[in-house]
Amino acid sequence: MSGSTIIPWVVGNWKMNPIQADATQLIQQFKTLLTQSTIDSDACHIGIAPTLIALDRTHQALSSAPCKVYTVAQDVSRFAGTGAYTGETSAELLVDSQIQHVLIGHSERRDLLGDSVEILKAKLHNALQAGMTIIYCVGESLEQREQGLAEQVVLQQICDIASVVNDEQWSKQVVIAYEPIWAIGTGKTASPQDAQAMHAKIREGLCQMTAHGARIALLYGGSVKPENAVELAACPDINGALVGGASLNAQSFYQIAQAFAQSKQ
Ligand code: 13P
């Protein structure tokens, strides 16, 4: 089943980058490119996920962008509301600061920062309850791919969250990002054929879980750059990109957004 009528998303995940002065410049450059552009915000949802400390600043700076650019949190607490949780930021506090979008389940958080399935489910539940839109990340390691387990691993990661997402939330508040771990920051991209094949499997799995499966946006992430964006965007079940390194360059990020906005028109 094809999701080709879905409005694409292009989201820049800045990870633990850049310093404040560079971030200010990057946003300014990106806004200037948007001023000159033909990207219609109805044709492509664009988002930038800065560090926690830069969320508010980024949100303010993007409020004067010529088209809507969402500020996306890179993470959210597993704890809800307010309380004695040192270092944590809840979904309610993000929403209170006008941050409505959040990444959950990035492989760097799963592998380096101890986000277990139970923790991810708590984060997801709280963010959904607070009305946020979630970009839920899945993806297999190189070892898992070489053992022929890629599909199984990814579909399991999707099934992991089934019990905390209801049908209405699937339709309005969830985007999936497939990021094969071996393609993240390595310069190696999954071929458009391999990425499309996995996206088709994810879509099939989603369609079994929810009546809205055919309309959920599926983003690809892992060394997306202007050079491969057009080809990836042409795949019927690739409805956008989650971009790391290339989103730290305004021109590259803009070109990727343009590739997706144009391909899905
Ligand atoms: P790169 O685009 O740098 O490979 O990072 C992908 C990613 O992890 C986005 O979340």
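What you see is a predicted model; the values in this text were computed from it and never measured.

Undergrad: Sorry if this is basic, but what is going on with helix H5 (residues 117-129) here?
TA: The periodicity of an α-helix, 3.6 residues per turn, causes residues three or four positions apart to be oriented the same way. Under the 1.5 Å per step criterion, the end-to-end length of H5 is 18 Å for 13 residues, consistent within 8% with the ideal 18 Å. Turning to H5, its buried residues are Ile119, Leu120, Lys121, Lys123, Leu124, Asn126, Ala127 and Leu128. Those residues of H5 hidden inside the fold are in contact with helix H3 (91-96), strand E4 (101-104), helix H4 (107-112), strand E5 (133-138), helix H8 (167-172) and strand E6 (174-178). Glycine 131 occupies a position one or two residues after H5 and carries a positive phi of about 90 degrees.

Undergrad: I would appreciate a short explanation of the pairing of strand E8 (residues 240-243) in the present structure.
TA: Residues in a regular strand project their side chains so that they alternate between the two faces of the sheet. Of the two faces of E8, the one lined by Gly240 and Leu242 and the one lined by Ala241 and Val243 are each fully buried. Summarising the sheet, strand E1 (residues 9-13) and E8 pair through four bridges and their orientation is parallel. Bridging from a neighbouring strand, valine 11 pairs with leucine 242 of E8. By the bridge criterion, two bridges tie strand E7 (residues 218-221) to E8 in an arrangement that is parallel. Bridge assignment links tyrosine 220 to a residue of E8, and that residue is alanine 241.

Undergrad: When you look at the packing of helix H1 (residues 20-35) against helix H11 (residues 250-263) in this model, what are you seeing that I'm missing?
TA: Two quantities define a packed helix pair, namely the angle between the helix axes and the distance between the axes. With their axes 9 Å apart at the nearest point, H1 and H11 run at an angle of 40 degrees to one another. Considering their axes alone, H1 and H11 lie oblique with respect to each other. As H1 packs across H11, the resulting crossing turns out to be right-handed. In this structure, H1 contributes Leu26, Gln29, Phe30, Leu33 and Leu34 to the contact, and H11 contributes Ala250, Gln251, Phe253 and Tyr254.

Undergrad: I'm lost on the UniProt feature "active site" (unreviewed entry) in the chain in this one. Help?
TA: On the UniProt side, "active site" (unreviewed entry) is annotated at positions that read His106 and Glu179 here. With the annotated positions falling across 74 residues, the maximum pairwise C-alpha distance of 8.3 Å places them together in a single cluster. With respect to the helices and strands, histidine 106 occurs in the loop between E4 and H4. Leaving out residues up to four positions away in the same chain, histidine 106 has contacts with Asn13, Lys15, Cys137, Glu179 and Ile184. Mapped onto the elements of the fold, glutamate 179 is located in the loop between E6 and helix H9 (192-209).

Undergrad: Honestly, the environment of glycine 185 in this entry has me stumped. Any pointers?
TA: Note that glycine 185 resides in the loop between E6 and H9. Put simply, glycine 185 and alanine 127 are 58 residues apart on the chain and 27 Å apart in space, counted from C-alpha to C-alpha.

Undergrad: How do you make sense of the nonpolar core when you look at a structure like this?
TA: Across soluble globular proteins, nonpolar side chains have a tendency to be buried as a group. Grouped together as the largest cluster of nonpolar side chains are 69 residues, with contacts concentrated most on Ile46, Ile176 and Ile202. Considering every element that reaches this core, the biggest residue donor is H11, with eight residues. Among residues more than four places away in sequence, those in contact with isoleucine 176 are Tyr136, Val138, Ile158, Trp170, Ile202, Leu206, Ile216, Ala217, Leu218 and Leu219. If you look at the next biggest cluster of nonpolar residues, it comprises 13 residues, including Val11, Leu103, Cys137 and Leu219.

Undergrad: Just to check I follow, could you spell out the site of the ligand for this structure?
TA: Every residue lining the ligand is accounted for by Asn13, Lys15, His106, Glu179, Ala183, Ile184, Gly185, Gly222, Ser223, Leu242, Gly244 and Gly245. A distance of 2.7 Å is found between an oxygen atom of the ligand and a backbone nitrogen or oxygen belonging to serine 223. Contact with the protein chains covers 95% of the free accessible surface of the ligand, which is 310 Å². Of the residues in the shell around the ligand, the class split is three nonpolar, seven polar and two charged.

Undergrad: Which parts of the structure should I look at to understand the sheet that holds E7?
TA: The pairing of strands in a sheet comes from backbone hydrogen bonds and takes either a parallel or an antiparallel form. If you walk around this closed barrel you meet the eight strands as E1-E2-E3-E4-E5-E6-E7-E8, and the pairing is parallel. Sheet twist, expressed as the mean angle between neighbouring strand axes with direction ignored, is 25 degrees. Two elements, E5 and E6, share five bridges in a ladder whose sense is parallel. The partner of isoleucine 135 across the bridge, within E6, is valine 175. Seen against the sheet, helix H2 (residues 55-62) touches strand E2 (45-49) and strand E3 (69-73) and runs at an angle of roughly 175 degrees to E3. Seen against the sheet, helix H7 (residues 150-159) touches E5 and E6 and runs at an angle of roughly 150 degrees to E5.

The rules behind these values
- Residues numbered from 1 in each chain as written.
- Predicted model: local features only at pLDDT ≥ 70, side-chain atom pairs only at ≥ 80, totals over all residues.
- Heavy atoms only, no water.
- Helix = DSSP H or I, 4+ residues; strand = E, 2+ residues; numbered from the N terminus.
- Expected span 1.5 Å × (residues − 1).
- Buried < 20%, exposed > 50% of the residue type's maximum accessible area, 1.4 Å probe, protein only.
- Contact = heavy atoms within 4.5 Å.
- Pairing = 2+ DSSP bridges.
- Axes fitted to C-alpha atoms, helices over the stretch in contact; angles between N-to-C directions.
- Parallel < 35°, antiparallel > 145°, perpendicular 65-115°, else oblique.
- Left-handed = near helix turned anticlockwise from the far one by under 90°.
- UniProt positions renumbered as here; feature names shortened; annotations may be inferred.
- Core = buried A, V, L, I, M, F, W, Y, C linked by side-chain atoms within 4.5 Å.
- Near = heavy atom within 4 Å.
- Polar contact = N/O pair within 3.5 Å; in protein donor to acceptor, adjacent residues only side chain to side chain.
- Areas by Shrake-Rupley, 256 points an atom, 1.4 Å probe, with all protein chains shown as cover.
- Nonpolar A, V, L, I, M, F, W, Y, C, P; charged D, E, K, R; others polar.

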